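# Analysis of the macromolecular model
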Amino acid sequence: MSESAPRLVQLDALRGLAALAVVLFHYSTRFEQLYGHQPPLALGLPWGHYGVNLFFMISGFVIFLSLERSPRAMDFVVSRFSRLYPAYWGALALTFGLTHALGLPDRTVGWEVLLVNASMLQEFVGVASVDAVYWTLAVELLFYAWSLLAHRWGGARGLVRLLLGLVGLRLVYVLAQLGWQLDLPWLLQRWLLLPHIAWFALGVAIYRHQHAGPQPGSSLLLLLALLCLALGEGLAVAGLGLGLCLLLWGAARRQWRWLEWRPLLWLGALSYPLYLLHEYIGWALMLALQRLGWAAPVGVAAALALSLLLAQGLHAGVELPGMRRLRQAYRQRQHSRPVLSRGG
């Protein structure tokens, strides 16, 4: 949230580090798997994809801030729409244009796919994404929808109860697979966010501990989410989840002053457009430079520089003004609505 209050700047910096981890994973390990570096890179970042999990935790943490600042459901919808869509549309156009210009074998799409992607709902209707990283946006949209419904019906406790139910259901799925090798319906898991729900739950539990103190519901949610990770993904991933919880807790309390280093705050401001832009554009540039005989480290550096440059332009030229104008238009519309008297 680039509109974060000053006390959340360290969370913004964490989001920037999460985005950078994903970028470096895609430029090192994932590119090597798909295309191969020439010559091979000396270093990779095979664990960098866990930056996405940190994104989900931060979304879980800040969801209450958005909900509590939204007296009406439409306030929340406009807030999230204005946050997600302007930057997404800009990244969509850039990715479509540059991948066609530079060339990216087997990954460019046609105009009809681009038009469906403009809705951000392509994952729900079985249409390919212009860039593979967009899969997380479908996950975020589902999380926002479930959170809004639960919060409107039961407030903060309603959202915690919903997450307890979903995490409990995820545990049932995990135990069924471990004990009886049962493969329960994937479609249900997807719509209920079960593969990712433990990460969102960790963020929500940290927020509740931070702002409401230790409570049975949030404490149970934290323990069940870690148990889910331990049984479903292994002790190492559960340990990572616990470590990220401590990192998020400290950032929420502004205990990690190193996160307020200016370059990290800048990276945090760019995190969303950087995430949206980096993968296919970066790969297309790296392949083009590879064909010209450039060494792999130079290609990675060039792709990172281009992604940061494009992200800065998208952030300043589209994301912020687009968000500002959409919210201003919504406020003006709300203020201009006629107020009916009680007598009709």
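Residues numbered from 1 in each chain as written. Predicted model: local features only at pLDDT ≥ 70, side-chain atom pairs only at ≥ 80, totals over all residues. Heavy atoms only, no water.

Turning to the overall build of the protein, a few remarks are in order. Helix and strand content of the protein: 11 helices and 0 strands. Listing each helix as α and each strand as β along the protein from the N terminus yields α-α-α-α-α-α-α-α-α-α-α. Computed over the C-alpha atoms, the radius of gyration of the protein is 21 Å, within 12% of the 20 Å expected from 2.2 N^0.38 for a compact globule of 344 residues. Expressed along its principal axes, the backbone C-alpha trace of the protein runs to roughly 75 × 60 × 45 Å. Among the 344 residues that make up the protein, the fraction classed as buried is 52%. For the protein, restricting intrachain contacts to residue pairs at least 6 apart in sequence, the fraction spanning at least 24 positions comes to 77%. Counting only carbon and sulfur atoms, one obtains 66% of the accessible surface of the protein, whose full area is about 16200 Å². (Helix = DSSP H or I, 4+ residues; strand = E, 2+ residues; numbered from the N terminus. Rg over C-alpha atoms; globule rule 2.2 N^0.38 Å. Buried < 20%, exposed > 50% of the residue type's maximum accessible area, 1.4 Å probe, protein only. Contact = heavy atoms within 4.5 Å. Areas by Shrake-Rupley, 256 points an atom, 1.4 Å probe, with all protein chains shown as cover.)

To continue, consider empty space enclosed by the protein. Counting across every chain of the model gives 3 cavities of 30 Å³ or more. Of the volumes computed, that of the largest cavity is approximately 290 Å³. Lining of the largest cavity is provided by 17 residues; of these, Arg-15, Phe-55, Ser-59, Glu-140 and Tyr-272 occupy positions nearest its centre. Only helix H2 (51–68), helix H3 (73–102), helix H5 (135–180) and helix H10 (262–291) provide two or more residues apiece to the lining of the largest cavity. With 5 residues, H2 is the single largest residue contributor to the lining of the largest cavity. Class assignment of the residues belonging to the lining of the largest cavity gives a composition of 10 nonpolar, 3 polar and 4 charged. By volume, the second largest cavity amounts to about 60 Å³. Lining of the second largest cavity is provided by Phe-31, His-37, Gln-38, Met-286, Leu-289, Gln-290, Trp-294, Ala-295, Ala-296, Gly-299 and Val-300. Mapped onto the lining of the second largest cavity, the elements with two or more residues apiece are H10 and helix H11 (296–336). (1 Å grid on protein atoms, 1.4 Å probe; cavity = no way out; pocket = protein on both sides within 12 Å on 5 of 7 lines; lining within 4 Å. Points joined across faces, edges and corners; volume = space filled by probe spheres on them. Nonpolar A, V, L, I, M, F, W, Y, C, P; charged D, E, K, R; others polar.)

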